[in-house]
Every structure is written in C-alpha cells, then in structure tokens.
Amino acid sequence: IIQSNYGGGGVGTFLFDKKCFEEKKEELNNLRQYIVSPYIDNSISVNTHVFISDKQTVLSPASVQIIEINKNQLCYRGADFITFKSLNRSWRDKIRDTSIKIANLLRNKGYRGVAGIDFIISKGGRIFCSEINARFQASSILLDMYLSQNKNKGLAKSVYELNLQAFCNSIKSDLCFEDDIG
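Thresholds applied
- Residues numbered from 1 in each chain as written.
- Predicted model: local features only at pLDDT ≥ 70, side-chain atom pairs only at ≥ 80, totals over all residues.
- Heavy atoms only, no water.
- Buried < 20%, exposed > 50% of the residue type's maximum accessible area, 1.4 Å probe, protein only.
- Helix = DSSP H or I, 4+ residues; strand = E, 2+ residues; numbered from the N terminus.
- Arc of directions from axis to C-beta.
- Contact = heavy atoms within 4.5 Å.
- Pairing = 2+ DSSP bridges.
- Expected span 1.5 Å × (residues − 1).
- Core = buried A, V, L, I, M, F, W, Y, C linked by side-chain atoms within 4.5 Å.
- Polar contact = N/O pair within 3.5 Å; in protein donor to acceptor, adjacent residues only side chain to side chain.

(A) Main features of helix 5 (residues 159–167). Residues of helix 5 that are buried: Val159, Leu162, Asn163, Gln165 and Ala166. Looking down the long axis of helix 5, one finds its buried residues gathered within 165 degrees of arc, a one-sided arrangement. Tucked into the core, helix 5 has its buried residues touching strand 4 (44–52), strand 8 (113–121) and helix 4 (140–147).

(B) Structural detail: the pairing of strand 8. Among the nine residues of strand 8, nine are classified as buried, and the element is accordingly described as predominantly covered. As defined by bridge partners, strand 8 adjoins strand 9 (residues 127–133) across six bridges and the pair is classed as antiparallel. Opposite glycine 116, over in strand 9, you have asparagine 133 as the bridge partner. In this structure, the hairpin formed by strand 8 and strand 9 is closed by a connection of five residues, where glycine 125 is found at a positive phi of approximately 90 degrees.

(C) Quick look at unusual backbone geometry. One non-glycine residue, asparagine 42, lies in the positive phi region at around 55 degrees. By secondary structure assignment, the location of asparagine 42 is in the loop between strand 3 (34–36) and strand 4. With a phi angle near 55 degrees, asparagine 169 is a residue other than glycine that sits in the positive phi range. Under the relative-accessibility criterion, asparagine 169 is labelled partly exposed at 38%.

(D) The arrangement of helix 3 (residues 89–108) in detail. In this model, helix 3 (20 residues) spans 29 Å end to end at C-alpha, consistent with the 28 Å of a helix rising 1.5 Å per residue. Within helix 3 the residues assigned to the buried category are Arg92, Ile95, Ser99, Ile102, Ala103, Leu106 and Arg107. Within helix 3, the buried residues cover an arc of 135 degrees as seen down the axis, which keeps them to one side. Away from its buried face, by an angle of more than 90 degrees, helix 3 presents the exposed residues Lys101, Leu105 and Asn108.

(E) Structural detail: the nonpolar core. Residues Val46, Val50, Phe84, Ile95 and Phe119 are the most contacted members of the largest nonpolar core, which totals 18 residues. If we ignore the near neighbours within four places in the chain, the residues touching valine 50 are Val58, Leu59, Ser99, Ala103, Gly113, Val114, Ala115 and Ile117. Judged by nonpolar contacts, the second largest core, of 15 residues, contains Val58, Ala79, Leu143 and Ala156.

(F) Main features of the side chain of serine 140. With respect to the helices, strands and loops of the structure, serine 140 is situated in helix 4. In this structure serine 140 comes out as buried when scored by relative accessible area, which is 1%. A polar contact of 2.8 Å, which involves the side chain of serine 140, links it to the backbone nitrogen of glutamine 137. Excluding its chain neighbours within four sequence positions, the residues that come into contact with serine 140 are His49 and Val159.

(G) The arrangement of the pairing of strand 6 (residues 63–70) in detail. Bridge analysis of strand 4 against strand 6 gives two bridges, and the strand direction is antiparallel. Residue asparagine 47 lies in a different strand from strand 6, and its bridge partner there is serine 63. Note: strand 6 against strand 7 (residues 73–80), seven bridges, orientation antiparallel. Bridge pairing in strand 7 links glutamate 68 to cysteine 75. Count of turn residues in the strand 6/strand 7 antiparallel hairpin: two residues, of which lysine 71 carries a positive phi of about 55 degrees.

As structure tokens, then:
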C-alpha cells in the first residue's frame, strides 16, 4: 500500500505490486511524502471515533469499513456498524481497549477533540492500528444521525457538539462503544 500523507476516503491510497508500480509511478507526485505499508490479504478494515478532553474519553461504536479497489486505488464506500457487532468478541474487545490506550497517549501529548482510529484485522485475527485521522470521518454522519435522536437534556446531540465539548473539557454524552448504531 502506498498512501499520500494527506487525503481522505481513499484518495491518495493505492495498492501496488511490482508490475502496477512501474505503470503508475509517473502518477506519484515527487514532492509529496508517502507511507508504504504491507497489504494484508483477506483482512477487515475497522474504524472508531474517539473524543478526547483533558480528563475524559468518549469512544464511539466501531464500524467495518467498506473498501473497493478501483484502478488500484482503495476507495472508501461506507461504514457497516451492524457487521462489526458480528465479529469475534475478542477482536471487538481488543479494538475497544487499544482505542482507549491510543486516546490516552494522544491526551498525554496534548491532543483534544475528535480522532478517527483505523484498524486492520488479519485473517488470523491479528489486529493492527493502521492510521489515526485527526479529523471527522466519513462515518461521522451516521454517528451524527444517531446522536441527533438523543432526548436526554444536556447530552451532546451531534459529533460536532461532542468535539466542541472535548475542547471545552465538558463532554456530556452517553455515547458508548457498545451502542447499536444500526
């Protein structure tokens, strides 16, 4: 995998082999930085959101990322919260626990607000953190729709409100990793 140091939704993320690289290398901009990582065949891509304030972390439910390969570009096509719930319980627990550890590391570095954490689950069940996005995710809209149904007075009704609350150190949410986004 060759990935530009900026992008989103798969823009700038390519699956290369030796033959394809020779054909496509001219398309790579020499002025950009790229991350090169191994492609893990038959893997599952997973994403979760964390909201980080001075003393609090809110972890959203995770989703399986729907990824399509189109002309060697990895294209994000959606988030599947339902499929994530059907994954092996130990995998889900590891993603939850690792997300919290990452959020704590980010907090200790002074990070505040939303971050999207992407994981890869290999065919054998090994779990790797593949990237951390310091921004809202494409699946934020689905979480936003879920939170907008919140009838509890004073609780955040959007991911944007949660993000603002994280910066103000006053997160008011009952959003939980175990919630059923549907």
